[in-house]
Amino acid sequence: MRRSALVFLVAAALAASCGGRPTSSRLSRIRERGFLVCGVFPGIAGFAQVDRNGHHVGFDIDLCRAVAAAVVGSADRIRYEPVATLDLLQRSSDIDLVSRRLTWSLQREGMGVLFGPITFYDGQGFLVAGHLRLEGVAGLAGVPICVAENSEHDVSLMAYFRRHRMSLDRVGVADGAAAARALAEGRCQAFSADVSELASVRSAMADPRAFRILPDRITSEPLAQIVRREDVDLFNVLRWTVFAMITAEELRVTSANVGEMVRSENPDVRRLLGTVPGNGAALGLDEAWARRVIADVGNYAEVFERNLGMSTPIGMERGPNALWSSGGLLFAPPLK
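The rules behind each value
Residues numbered from 1 in each chain as written. Predicted model: local features only at pLDDT ≥ 70, side-chain atom pairs only at ≥ 80, totals over all residues. Heavy atoms only, no water. Helix = DSSP H or I, 4+ residues; strand = E, 2+ residues; numbered from the N terminus. Buried < 20%, exposed > 50% of the residue type's maximum accessible area, 1.4 Å probe, protein only. Contact = heavy atoms within 4.5 Å. Areas by Shrake-Rupley, 256 points an atom, 1.4 Å probe, with all protein chains shown as cover. Lys, Arg positive; Asp, Glu negative; His and termini not counted. Charge placed at Lys NZ, Arg CZ, Asp CG, Glu CD. Pairing = 2+ DSSP bridges. Axes fitted to C-alpha atoms, helices over the stretch in contact; angles between N-to-C directions. Phe/Tyr/Trp six-rings, centres within 6.5 Å; stacked < 30°, edge-to-face > 60°. Salt bridge = Lys/Arg side-chain N within 4 Å of Asp/Glu carboxyl O. pLDDT = per-residue confidence, 0-100. Disulfide = S-S within 2.5 Å. Polar contact = N/O pair within 3.5 Å; in protein donor to acceptor, adjacent residues only side chain to side chain.

This next bit is on the overall build of the protein chain. For the protein chain, the count of helices and strands is 14 helices and 12 strands. Counting only C-alpha atoms, the protein chain reaches 85 × 55 × 40 Å along its principal axes. Looking at the protein chain as a whole, 50% of its 336 residues are labelled buried. The contacts in the protein chain between residues at least 6 apart in sequence include a share of 68% that link residues at least 24 apart. Just so you have it, the protein chain exposes about 16400 Å², and 53% of that area is on carbon and sulfur atoms. Considering the protein chain, the positive charge centre built from 38 side chains and the negative charge centre built from 37 side chains are found 4 Å apart.

Below, the discussion takes up the sheet that holds strand E4 (residues 78–82). Within the open sheet, the five strands sit side by side as E4-E1-E5-E12-E6. Their pairing is mixed. Among the strands making up the open sheet, the edge pair consists of E4 and strand E6 (113–122). When the angles between neighbouring strand axes are averaged without regard to direction, this sheet yields 25°. Helix H9 (residues 232–250) contacts strand E5 (97–103), E6 and strand E12 (221–228) of the sheet and is inclined by roughly 20° relative to E6.

With that settled, consider the sheet that holds strand E8 (residues 144–148). Strand order across the open sheet formed by five strands is E9-E8-E10-E7-E11, with mixed pairing between neighbours. In this open sheet, the two strands that pair with only one neighbour each are strand E9 (169–173) and strand E11 (211–213). The mean inter-strand angle of the sheet, taken between neighbouring strand axes irrespective of direction, is 30°. Two strands pair when backbone bridges link them, and strand E7 (residues 124–129) and strand E10 (residues 190–194) are joined in this way by five bridges, in the antiparallel orientation. Note on E10: the bridge partner recorded for Gly125 is Ala193. Sitting on the sheet, helix H7 (residues 176–185) is in contact with E7, E8, E9, E10 and E11, with an inclination near 160° to E10. Docked against the sheet, helix H8 (residues 195–203) engages E7, E10 and E11, running at close to 130° with respect to E10.

With that out of the way, let us pick up the packing of aromatic side chains. Note on aromatic pairs: each is described by the distance of the centres and the angle between the planes. Applying the stated criterion across every chain, the model contains nine aromatic pairs. With 5.9 Å between their ring centres and 80° between their planes, Phe59 and Tyr300 make a pair best called edge-to-face. On the criterion of sequence distance, the pair formed by Phe59 in helix H3 (residues 59–72) and Tyr300 in helix H14 (residues 300–307) is long-range, its members being 241 residues apart. Neither residue differs from the other here; Phe59 and Tyr300 are each classed as buried. Centroid distance Trp240 to Phe243: 5.0 Å. Interplanar angle 75°. Geometry classified as edge-to-face.

Evaluation of the coordinates by the stated rule reveals 14 salt bridges. Between Asp96 and Arg26 there is a salt bridge, with its nearest N and O atoms 2.8 Å apart. Here Asp96 is found in the loop between helix H4 (86–91) and E5, whereas its partner Arg26 is found in helix H2 (residues 26–33), with 70 residues between them in sequence. What makes Arg26 buried here is its relative accessible area of 4%. Ionic pairing is found between Asp231 and Arg228, a salt bridge with its closest N-O pair at 3.9 Å. An identical accessibility class is assigned to Asp231 and Arg228; each is buried. Put simply, Arg26, Arg33, Asp96, Arg228 and Asp231 are held in one network by salt bridges that share partners.

Turning to the confidence of the model for the protein chain, a few remarks are in order. Considering every residue of the protein chain, the mean pLDDT works out to 92; 93% of them sit at 70 or more. The low-confidence segment residues 1–21, where pLDDT is below 50, has zero contacts with residues more than four positions distant or belonging to other chains.

It is worth spelling out the state of the cysteines at this point. In total, this model carries two disulfides according to the counting rule given. The disulfide bridge from Cys38 ends at Cys64, spanning 1.9 Å between sulfur atoms. Taking the sign of the S-S torsion, about -45° here, the bridge from Cys38 to Cys64 comes out left-handed. Separated by 26 residues along the polypeptide, Cys38 in strand E1 (residues 36–40) and Cys64 in helix H3 bring together distant segments of the chain. Taking the relative accessible area as the measure of exposure, Cys64 reaches 0% and is therefore buried. Paired by a disulfide, Cys146 and Cys188 hold their sulfur atoms 2.2 Å apart. Its S-S torsion of about -100° marks the bond between Cys146 and Cys188 as left-handed, since a negative value means left-handed. Here Cys146, found in strand E8, pairs with Cys188, found in the loop between H7 and E10; they are 42 residues apart in sequence, far enough to count as distant. Exposure remark for Cys146: the relative accessible area of 0% places this residue in the buried category.

This part takes up the environment of Arg26. Residues Arg26 and Asp94, 68 residues apart in the sequence, show an inter-C-alpha distance of 9.7 Å. Those residues in contact with Arg26 that sit more than four places away from it in its chain are Arg33, Ser93, Asp94, Ile95, Asp96, Arg228, Asp231, Asp233 and Leu234. Within the structure, Arg26 has its side chain in polar contact with the backbone oxygen of Ser93 (distance 2.9 Å).

Structural data, given as structure tokens:
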């Protein structure tokens, strides 16, 4: 009897100690809530902005919307929270996913997060005045270059020029907006930052066509979305949502034709769209999850072109963000 009573007391103590912790999975909590909470950082044109109507738009935003479509059935069932630092993710248990131009790095991953697939291959480059007759970084020796002071870009710029024994005329500025003013006023002839930021800065200038982005990169910055390390169920959905969007581009399944493609005889298309069951069950989703992602948000090419492509003010070519079959770096594991 005494042993039974002791076992009971220990079990009760253990149950009490766990009482304050969420016991349901992240996917279950999202479904119970009825919407996804996505951490974003508005302010970079093409990636995350709030438009005149108060709507969040951009490449990073569309990736949040894709996950919402997969998990809760609609890309619009979502709430956005500003996330300036990863500390905010750790302090708020409500935020499910962060999508905000974060570079996948070892030390960031050591902060208790998991990075999803690379969704944008970025890198530090140079925005230069169009009248400069140069094709690469080598021509920037002695040219006044703006860079955000005491930033990682500042460190990388100085290290690159020192390593290549080039003279650096560095002009420290506060941020991209200050660099744009300095470029317009002629105080510098180039601005160095991640290419995604350079394109955003250029799009807001009075005469964007007077500036161009050099093809050279001095760093590699793989950007990806993040979830908490313990939220493995959401991590898997994030991964395969991105892979489904890449696969849809490969298979030429778009938001415009997805309804017709459901009747395709192609086994890869059938698996992607859930007419052959199995993928949904493997993720804890229904079998139409990828179909909704494509219908509500589009394939990878649609998302890129709508937010960043050559027909937008950002005016970016696909470059490394093209499919592997088109000379880029994007590919997806098989959805089967």
